[in-house]
Amino acid sequence: MIWSILWFLHVHESPAEHKTISNEEKNHIESTLNFTDYSCIPWSNILRSTPVWAIVIAHFAENWGFYTMLTEMPTFLSDILHFEIDEAGVLSALPYLIMAKVLYFSGCVSDRLVEQKLDYTQVRKIFCCAGFVLQALFMFAMTFTVNRTLLIIFVTLSIGFGGMPWSAFGVNHLDIGAGYANVLMSITNTFATLAGIISPTLTGHLIEDKTKDEWNEVFNISAVVFLIGALFFYFLGSGEVQHWAIGSKELENPTVSNYNDFSRNSTFSVSEINDQENLTK
């Protein structure tokens, strides 16, 4: 409730409508923004775009494991590893701290690789797929041991490596969607949030007797979902700006060398593209 009040008081539709912004800040923001016509969003092209669905599936897969362990890890630590509540609380937080560090490091390394002329598609696929595979491996490893220490290490690493896929598909909306990245995020996050509803519910049904064998089923399902996410992103994912997200200025000189870099910093509307195409006919 407090957050909502602050949101409505301080968030505005544009810098021009903001009541407390300085003229210097307003001018700076408006001079660096490009215009995107959201009255003409290319919904059909977006929904038929395979790179968009690659993000949807990757986002869903990561959220599946993320929410499964976020909601059920204290139960696992208490029922299977027999930790006290205060100990379980600290251990439950550790994997997400590791994940934050991995996410930051992966983002930095990704930028370095791009600077060294590795293309965006390669970089995104390397981090997304490698992260999913590592998460799946450690999830599978948890089914083969009952050793307390090993289980803690495996679950921490499995969740921690979730920072790698996030550093890839999380920014991939900008890679492929340019000015429509916010629209893509609303689509992919909607589907991905379903994982947060389904996975904890399914887990609750699977661990009714609170045995290690039941938890192994939970880990196996999560591992398989991670691998599915890796496969789809590998075959369908892209780091290139899609045709429905680029504008007429790029189309006038569609050279591969500056095609995507220029498009990433441009947000031309679909109506502008159509108008330009009509003029050139």
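The shown structure was predicted, so the numbers you read here are calculated from the model rather than taken from an experiment. (Residues numbered from 1 in each chain as written. Predicted model: local features only at pLDDT ≥ 70, side-chain atom pairs only at ≥ 80, totals over all residues. Heavy atoms only, no water.)

Turn by turn, an α-helix covers 3.6 residues, leaving residues three or four places apart pointing in a common direction. Over its 26 residues, helix H9 (residues 181-206) runs 37 Å from end to end, which matches the ideal 38 Å to within 8%, given 1.5 Å per residue. Buried residues of H9: Ala 181, Val 183, Leu 184, Ile 187, Thr 188, Ala 192, Ala 195, Ser 199, Pro 200, Thr 203 and Leu 206, and no others. Against helix H3 (43-47), helix H4 (50-79), helix H8 (163-177) and helix H10 (212-236) lie the buried residues of H9. (Helix = DSSP H or I, 4+ residues; strand = E, 2+ residues; numbered from the N terminus. Expected span 1.5 Å × (residues − 1). Buried < 20%, exposed > 50% of the residue type's maximum accessible area, 1.4 Å probe, protein only. Contact = heavy atoms within 4.5 Å.)

What follows is about the packing of aromatic side chains. Summed over the entire model, instances satisfying the criterion amount to 13 aromatic pairs. Ring geometry for Phe 138 and Phe 161: centres 6.0 Å apart, planes at 5 degrees, overall stacked. Remark: Phe 161 occurs in the loop between helix H7 (148-160) and H8 and Phe 138 occurs in helix H6 (residues 120-141); sequence separation between them is 23 residues. With relative accessibility at 19%, the residue Phe 138 sits in the buried group. (Phe/Tyr/Trp six-rings, centres within 6.5 Å; stacked < 30°, edge-to-face > 60°.)

Okay, the packing of H4 against H10 next. Packed helices, taken two at a time, are described by their axes: the angle between them and the distance between them. Put simply, H4 and H10 touch, their axes get as near as 8 Å, and they point 160 degrees apart. In this view, H4 runs roughly antiparallel relative to H10, as classed from their interaxial angle. Along this stretch, H4 crosses H10, giving a crossing that reads as left-handed. A class-by-class count of the residues in the contact of H4 with H10 yields 19 nonpolar, six polar and two charged. (Axes fitted to C-alpha atoms, helices over the stretch in contact; angles between N-to-C directions. Parallel < 35°, antiparallel > 145°, perpendicular 65-115°, else oblique. Left-handed = near helix turned anticlockwise from the far one by under 90°. Nonpolar A, V, L, I, M, F, W, Y, C, P; charged D, E, K, R; others polar.)

Topologically, Leu 236 is positioned in helix H10. With a relative accessible area of 27%, Leu 236 lands in the partly exposed category. Taking the C-alpha atoms as reference points, Leu 236 and Ile 55, 181 residues apart in sequence, are found 8.8 Å from one another. Other than its neighbours up to four places away in sequence, Leu 236 contacts Thr 50, Pro 51 and Ala 54.

Before going further, it helps to spend a moment on the pattern of salt bridges. Enumeration according to the criterion identifies two salt bridges in this entry. Measuring nitrogen to oxygen at the nearest pair gives 3.9 Å for the salt bridge that ties Lys 210 to Asp 79. Here Lys 210, found in the loop between H9 and H10, pairs with Asp 79, found in helix H4; they are 131 residues apart in sequence, far enough to count as distant. Given a relative accessible area of 49%, Lys 210 falls into the partly exposed group. With a shortest N-O distance of 2.5 Å, Asp 175 and Arg 124 are connected by a salt bridge. Taken together, the residues Asp 175 in helix H8 and Arg 124 in helix H6 connect sequence positions 51 residues apart. (Salt bridge = Lys/Arg side-chain N within 4 Å of Asp/Glu carboxyl O.)

On the surface, Val 224, Ile 228, Leu 231, Phe 232, Tyr 234 and Phe 235 cluster together to form a nonpolar patch covering roughly 610 Å² of accessible area. Note that Val 224 resides in helix H10. The exposure class assigned to Val 224 is partly exposed, which follows from its relative accessible area of 41%. (Patch = residues over 30% accessible without salt bridge, like charges linked within 9 Å, V, L, I, M, F, W, Y side chains within 5 Å. Areas by Shrake-Rupley, 256 points an atom, 1.4 Å probe, with all protein chains shown as cover.)

Bear in mind that shape data such as this cannot, by itself, settle questions of function.
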